[in-house]
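Secondary and tertiary structure notes
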Amino acid sequence: MTAMVLSALSYALAALCVLAALPVGVLFAQVLLAHGGRRAHAVAVPRRPGADVAVLIPAHNEAAGIASTLQSVQAQLRAGDRVLVVADNCSDDTASVARQAGAEVIERSHATQRGKGFALDFGVCHLSARAPAMVLIVDADERVTEALRDE
């Protein structure tokens with residue numbers, strides 16, 4: 001009888017382990033699929049409306065690559081569109097490189113409020129003075145690959 005109880009207990013524990021492993025397995029699969037190696041540096045942009053667009057680019061110490069990003073974005077814009085770079089807590093030449101590349105640049109510096117969320121908020125508040133019909137957010141290390149112009 002003891003062997004039968006131990007056998008039933010073993011099956012119950014095995015079933016419990018399988019049930020507990022299911023959510024862990026799902027989470028593990030989601031993490032693997034989301035990670036997918038290194039994030040791709042190409043951004044596909046959806047078709048745009050007929051109205052003006054602002055491209056908001058939060059940037060923290062991106063002097064080395066911001067010119068390439070701006071070139072890929074500016075090639076897609078229509079007359080009247082804007083590119084706004086938020087140079088956020090930068091200790092390099094991000095702001096001056098972005099200005100030289102033709103972007104509108106605002107600089108933000110704050111000792112404790114650091115990170116992309118604060119930079120985006122700062123940029124959106126700046127854009128609200130002359131609000132565009134659509135705001136696209138592009139990371140400073142991304143490249144726009146699809147036609148945004150849509151003429």
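Residues numbered from 1 in each chain as written. Predicted model: local features only at pLDDT ≥ 70, side-chain atom pairs only at ≥ 80, totals over all residues. Heavy atoms only, no water.

With that settled, the discussion passes to the nonpolar core. In terms of nonpolar packing, the biggest core is built from 20 residues, with Val55, Ile57, Leu70, Val83 and Val85 touching the most fellow members. Examining the composition of this core, we find that four residues originate from one element, strand S2 (residues 53-59), more than from any other. Membership of the second largest hydrophobic core comes to seven residues, among which are Ala54, Leu56, Val86 and Ile106. (Core = buried A, V, L, I, M, F, W, Y, C linked by side-chain atoms within 4.5 Å. Buried < 20%, exposed > 50% of the residue type's maximum accessible area, 1.4 Å probe, protein only. Helix = DSSP H or I, 4+ residues; strand = E, 2+ residues; numbered from the N terminus.)

Looking now at the layout of surface pockets. Considering only enclosed or pocket space, the largest pocket measures out at about 190 Å³ in volume. Surrounding the largest pocket, 14 residues form its lining, Pro58, Ala59, His60, Gly115 and Lys116 being those nearest its centre. For the lining of the largest pocket, the secondary structure elements donating two or more residues are S2 and helix H4 (116-127). The residue makeup of the lining of the largest pocket, split by class, is four nonpolar, three polar and seven charged. (1 Å grid on protein atoms, 1.4 Å probe; cavity = no way out; pocket = protein on both sides within 12 Å on 5 of 7 lines; lining within 4 Å. Points joined across faces, edges and corners; volume = space filled by probe spheres on them. Nonpolar A, V, L, I, M, F, W, Y, C, P; charged D, E, K, R; others polar.)

This part takes up H4. An ideal rise of 1.5 Å per residue puts 16 Å on 12 residues; H4 measures up with 16 Å between its terminal C-alpha atoms. Within H4, burial applies to Ala119, Gly123 and Leu127. An end-on view of H4 places all buried positions within 70° of arc, on one side of the element. On its buried face, H4 sits against S2, strand S3 (82-88), strand S4 (104-108) and strand S5 (134-137). (Expected span 1.5 Å × (residues − 1). Arc of directions from axis to C-beta. Contact = heavy atoms within 4.5 Å.)

We now examine unusual backbone geometry. In this structure, asparagine 61 takes a positive phi of about 50° despite not being glycine. By the element assignment, asparagine 61 lies in the loop between S2 and helix H2 (66-74).

Below, the discussion takes up the pairing of S4. The pairing of S3 with S4 spans five bridges and is parallel. Each residue of the ladder has a partner; that of leucine 84, found in S4, is glutamate 104. In this fold, the crossover linking S3 to S4 by way of helix H3 (residues 94-100) has right-handed handedness. (Pairing = 2+ DSSP bridges. Right-handed = clockwise from strand over helix to strand, strands pointing away.)

Under the criterion given, the structure shown has four salt bridges. Residue arginine 108 pairs with aspartate 88 through a salt bridge whose shortest N-O separation is 2.4 Å. In this pair, arginine 108 is assigned in strand S4 and aspartate 88 in strand S3, connecting sequence segments 20 residues apart. Classification of arginine 108 by relative accessible area gives buried; the value is 8%. A residue is classified by how much of its surface remains accessible, and aspartate 88, at 4% relative accessible area, is buried. The salt bridge involving aspartate 139 is made with lysine 116; its shortest N-O contact spans 2.7 Å. Taken as a pair, aspartate 139 in the loop between S5 and strand S6 (143-144) and lysine 116 in helix H4 lie far apart in primary sequence, 23 residues in all. (Salt bridge = Lys/Arg side-chain N within 4 Å of Asp/Glu carboxyl O.)

Read these as layout, nothing more, since geometry by itself doesn't imply function.
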